[in-house]
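# Notes for the structure review
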Amino acid sequence: THRAANQGQWCSMASRLALCIIWLLVVYAQSTYAGHARHPHERSRNSTAFGRHQRTDTLATQAQRIMPELRPVGPCLLPGLGRLCGVTRSRLVVMMAAAGRMNRTMPAAPFAAIAGVAALLAYVRARLRRGHRREDARLEDGAGRNSFDNSLPSRLEILAHYWSCPRLTLRAPVGALKGWVLATLWLELALFTAPELCVLAVPEVVELYSGVLPYRQDKPDLPHLVEWLLPGMASASVHGSTSMGDWMGGPPSPLVASRVTWLRCVRQALLVGWILFLLIPLSDWPRAATAAFATGAAAYFLLGTIGLLYDPCHNIQASLLFVVVAAFAVPDLASNPRSAAWLRHTSLVAVLVPVYLFSGISKVRYSGVLHQITGDWLLAVRGDKYGLGDEKVVRAPLAEVSLYIARSPWLCMLFSWGNLLVELALPVALLYLLARRERGWRLRVVLALFVFGAFGFHASILLLMGPNFLRMFPLLVLVVDPVGMLGASSTQPVDRQGGGAIWRSRPSALDLCRAPLPLVLLCGWWAVQIRADLLGLVRYGFFPHDAVPQWSRPITQAHYVVRANPYWPFPELSMFAIPKSPNFVVSFALLSAVGGTYVVIATRAAVRLVAG
C-alpha cells in the first residue's frame with residue numbers, strides 16, 4: 001500500500017510538471033504564431049518568387065525565381081542530402097514553397113516538443129501503473145457466457161476470428177500506435193517528407209495555387225474531389241510544361257482566404273487531437289482517447305486527400321489507409337487482444353503488402369517481364385543527365401553512383417532482381433503465410449526480410465533517385481512489433497483461465513463491426529489493378545509492342561500509353577513504371593493467380609478454424 005501511494009504521488013507530480021511544461025509551450029507557440037500571422041501575405045507581395053509571371057516564362061525560369069527564396073528543410077539539412085531540394089519539377093517547387101511558408105508561419109518546434117512531452121508522460125505513467133493495472137472483467141470470464149457453447153458461429157464471427165490471429169497480436173498495442181502517431185507528427189513538423197508533399201503544409205499549397213486545382217491531361221483518372229471538399233475552388237486543365245504563373249502567386253481572393261483559414265483550423269485540430277491522444281491513457285479514459293485519435297485521424301485524412309489532389313504522388317496513400325484502419329481498432333485496443341491482432345493483421349495484408357505487391361505488378365504491366373529479368377528498364381537511354389529508371393538525377397544525393405549503375409547492364413540486372421524480391425516475391429510469400437495463419441518461424445523470417453528489405457529499398461530510392469518515402473518507416477516499424485522483438489513484457493490482459501480462453505470467446509460488437517473492413521480494402525486494391533489491365537486491353541490491344549512511353553511521341557499519336565492511375569484512395573502504383581513494353585495480359589494473369597490463390601488458402605484456413 002505504501003509503495004502504491006508513493007507511485008501515485010510520483011505520478012501526480014509528473015503529471016503536474018508535464019502539464020506546466022505543455023502550457024508554457026502552448027503559450028509560446030500561440031505568441032509566435034500570432035507574430036508571424038500579422039501580415040501573412042506581406043512576403044509574397046514584396047517578393048518576385050511568388051508573384052505572377054508572364055505566360056512566356058518557362059518552368060525553369062520560374063524555378064530559378066522561386067528556389068532562391070526557399071531554405072533547405074527536413075532531410076535537405078542533413079550532410080550529403082542537400083541535393084534533395086534541388087528540384088525543378090513544378091509540383092515539387094510548389095511543395096517546397098509551401099513547406100517553407102508553413103515553416104515561417106507556424107512554429108513547428110513547440111508543437112514537436114509538446115508531442116514529445118505528452119508521449120513521455122504517457123510512457124512514465126504506464127510504467128508506474130503497470131504493477132496494479134486493472135484487467136478487463138469480460139476477459140477474466142474466459143469461456144463463460146461469451147463462449148460459443150457448441151453453437152455454430154455466424155459468418156461474421158468466423159471473419160472476426162480469422163482476422164484476429166493470436167500469433168499476430170501486438171504485445172504493447174497502445175504504445176505501438178502512440179509511437180506511430182509521435183513519429184508521424186515529428187516527420188511532418190520537421191518537414192522530413194520534403195521535397196514531397198507535407199500534410200501539414202496543405203493550406204499553404206492551396207494558398208500558393210490561389211485555389212486553382214491544376215488537373216493534368218496526363219492524369220485523367222485523378223478524382224475530381226476538390227469541388228466537394230473545398231466548394232468554390234476552380235480547376236484548370238494544364239500540361240506538365242505549362243507555365244505556373246497563370247494560376248500561382250499573389251494574395252488569394254476572399255473565398256480562397258476563407259478556405260485556407262478553414263484548412264489551418266483543420267491542421268490545428270490534427271495537432272491538438274493527436275497530442276491529446278498521446279497524453280490521455282487509453283486504458284482509463286477510452287472514450288476521450290478514441291475521440292482525440294479520431295479527430296486527428298479525420299483531419300489527417302482530409303488534409304492528405306486534398307494535398308494528394310494538388311500533388312499526385314504515391315508516398316501517402318498507405319498512411320491515409322492506416323489511419324482509417326487504426327480508427328476502428330482504437331476504442332478497445334487497450335483491453336481487447338483481438339483488436340491488437342486485427343490491427344496488425346489488417347495493416348499487413350490490406351495496407352503494406354498491396355503497396356509493394358501492386359507496385360511490382362505495375363512494373364510488369366508497363367515494362368514487361370523480360371525487361372524486369374534483364375534489368376533493361378533501369379538502363380538510362382535518354383541522355384547523360386538520366387540515371388536509374390531513365391529518371392533525372394538532379395535531386396539524387398548519390399547522383400554519380402546512380403549514373404554509373406544506370407550504364408552498367410549487369411548492375412541494373414542485379415538491382416532489378418532485388419526489386420522483384422522486395423516487390424513481388426516477399427509480398428506474395430508474406431500474403432500466403434498470413435492467409436494460412438502461419439504460426440512458425442517461417443512467418444517471422446519472411447516478415448523480417450520484408451520489412452528490412454523495404455527499409456533498404458526506400459533508402460536506395462532516396463539516395464540514388466531522389467523520391468522521399470520516409471513516411472513509410474513508422475508503419476513498417478509498427479507491424480514488426482518492436483516490443484515483442486525485444487522480449488519485453490506484454491501489456492495485454494492476462495488470460496487467467498488458460499488454454500487460450502480469450503481467443504475462444506465470442507467476438508464483441510466492435511470485433512464484428514471491423515471484421516469486413518480488410519475485405520473491403522483488398523477488393524478496392526484489386527479493383528484498381530484489374531481496371532488498369534482491362535482499360536489497357538481495350539485501348540491498346542493484347543500485345544501493344546509498338547506502344548511507347550509518354551515522353552517519346554506527341555500526345556496525338558495513336559499508341560501514346562496513358563497509365564490508368566486514380567491515385568486516391570487506391571493508387572495503381574505505377575511510379576517508375578515507364579511504358580516501354582506494356583503487356584496487360586501477363587499482369588492480368590498474375591493478378592488473377594495471386595488473388596485466386598489467396599482466396600483458396602484463406603478459405604481453407606477459415607474452414608479449419610470453424611472445425612477446430
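Residues numbered from 1 in each chain as written. Predicted model: local features only at pLDDT ≥ 70, side-chain atom pairs only at ≥ 80, totals over all residues. Heavy atoms only, no water.

Each helix and strand counted, the protein chain has 24 helices and two strands in total. Within the protein chain, the fraction of its 612 residues that count as buried is 55%. With an accessible surface of roughly 26,300 Å², the protein chain has 65% of that area assigned to carbon and sulfur atoms. (Helix = DSSP H or I, 4+ residues; strand = E, 2+ residues; numbered from the N terminus. Buried < 20%, exposed > 50% of the residue type's maximum accessible area, 1.4 Å probe, protein only. Areas by Shrake-Rupley, 256 points an atom, 1.4 Å probe, with all protein chains shown as cover.)

Moving on, we come to helix α16 (residues 399–406). Of all the positions in α16, only A399, S402, I405 and A406 are classed as buried. Down the axis, α16 shows its buried residues gathered within 130° of arc, on one side only. Turned more than 90 degrees away from the buried face of α16 sit E400 and Y404, all of them exposed. (Arc of directions from axis to C-beta.)

Moving on: the nonpolar core. With 157 residues, the main nonpolar core has W274 and Y356 as its most contacted residues. For this core, the element with the highest residue contribution is helix α14 (residues 337–367), accounting for 15 residues. Those residues in contact with Y356, other than ones at most four positions away along the chain, are V422, E423, P427, F450, A454, F457, H458, M472 and L476. Y540, V561, V562 and A577 belong to the second-largest nonpolar core, a separate cluster that totals six residues. (Core = buried A, V, L, I, M, F, W, Y, C linked by side-chain atoms within 4.5 Å. Contact = heavy atoms within 4.5 Å.)

A few words on the pattern of salt bridges. For the structure shown, the criterion picks out twelve salt bridges. As a salt-bridge pair, R365 and D533 come within 2.6 Å of each other at their nearest N and O atoms. Of this pair, R365 sits in helix α14 while D533 sits in helix α23 (residues 517–540), and the two are 168 residues apart along the sequence. According to the relative accessible area criterion, R365 is buried, its value standing at 0%. The exposure class of D533 is buried, given its relative accessible area of 0%. Taken together, the salt bridges that share partners define one network made up of E204, E207, R264 and R267. (Salt bridge = Lys/Arg side-chain N within 4 Å of Asp/Glu carboxyl O.)

Moving on to the packing of aromatic side chains. This structure, assessed with the given rule, holds 13 aromatic pairs. An angle of 65° between the planes, with centres 5.4 Å apart, marks the rings of W525 and F570 as edge-to-face. Of this pair, W525 sits in helix α23 while F570 sits in the loop between α23 and α24 (584–611), placing them 45 residues apart in sequence. By the burial criterion, W525 is buried, and F570 matches it. One aromatic cluster is present, formed by W180, W274, F277, F293, Y300 and F322 through successive ring pairs. Sitting over the ring of F277, K178 keeps its end group 5.6 Å from the ring centre. Taking NZ or CZ as reference, R514 lies 5.8 Å from the ring centre of W342, over its face. (Phe/Tyr/Trp six-rings, centres within 6.5 Å; stacked < 30°, edge-to-face > 60°. Lys NZ or Arg CZ within 6 Å of the ring centre and 35° of its normal.)

Moving on, we come to the environment of P331. Relative to the helices and strands, P331 resides in the loop between α13 (317–329) and α14. With a relative accessible area of 29%, P331 lands in the partly exposed category. Residues P331 and W285, spaced 46 residues apart in sequence, show a C-alpha to C-alpha distance of 9.9 Å. Once residues lying within four places of it in the same chain are set aside, the contact partners of P331 are P286, T290 and L510.

It is worth spelling out the confidence of the model for the protein chain at this point. In this model, the protein chain carries an average pLDDT of 76, and 72% of its residues clear a pLDDT of 70 or more. The lowest-confidence element of the protein chain is helix α2 (residues 42–46), averaging 34 in pLDDT; the highest-confidence one is α13, averaging 95. Counting contacts from residues 131–146, a segment whose pLDDT is below 50, to residues more than four positions away or on other chains yields 28 contacts. Long-range and interchain partners of residues 494–499, a stretch whose pLDDT sits below 50, account for eleven contacts in this model, where long-range means more than four residues apart. (pLDDT = per-residue confidence, 0-100.)

It is worth spelling out the packing of α14 against helix α17 (residues 409–435) at this point. It is at 8 Å that the axes of α14 and α17 come closest, and there the two elements cross at 140°. Crossing geometry of α14 relative to α17 is assigned as left-handed. Where α14 approaches α17, its residues H345, L348, V349, V353, Y356, L357, S359, G360, I361, K363 and V364 are matched on the opposing element by N419, V422, E423, L424, P427, V428, L430, L431 and L434. Each residue belonging to the contact of α14 with α17 can be placed in one class, and the counts come to 14 nonpolar, four polar and two charged. (Axes fitted to C-alpha atoms, helices over the stretch in contact; angles between N-to-C directions. Left-handed = near helix turned anticlockwise from the far one by under 90°. Nonpolar A, V, L, I, M, F, W, Y, C, P; charged D, E, K, R; others polar.)

So, on to the side chain of N315. Mapped onto the secondary structure, N315 falls in the loop between α12 (286–310) and α13. When its relative accessible area of 3% is taken as the criterion, N315 is described as buried. Of note is the side chain of N315, whose polar atom sits 3.1 Å from the backbone oxygen of N468. For N315, the contacting residues outside a window of four places in its chain are E196, N468, F469 and R471. (Polar contact = N/O pair within 3.5 Å; in protein donor to acceptor, adjacent residues only side chain to side chain.)

Peptide bonds are trans in most cases, and residues, glycine excluded, mostly fall at negative phi. Here the bond from A194 into P195 is cis, since omega is 0°, no more than 30 degrees from zero. Tracing the backbone through its elements, the reader meets P195 in the loop between α8 (173–189) and α9 (202–208). The step from W568 to P569 runs through a cis peptide bond, and the omega angle for that step is -10°. Mapped onto the elements, P569 comes out in the loop between α23 and α24. Residue Y567 is not a glycine yet carries a positive backbone phi of 70°. Along the chain, Y567 falls in the loop between α23 and α24.

All right, on to a nonpolar patch on the surface then. Taken together, the side chains of V369, I373, L414, F415, W417 and V586 define a hydrophobic patch exposed on the protein surface, amounting to about 510 Å² of accessible area. If you list the elements that add at least two residues to the nonpolar patch, you get α15 (369–374) and α17. Counting residues per element, the nonpolar patch draws most heavily on α17, which supplies three residues. Residue placement: W417 occurs in helix α17. (Patch = residues over 30% accessible without salt bridge, like charges linked within 9 Å, V, L, I, M, F, W, Y side chains within 5 Å.)

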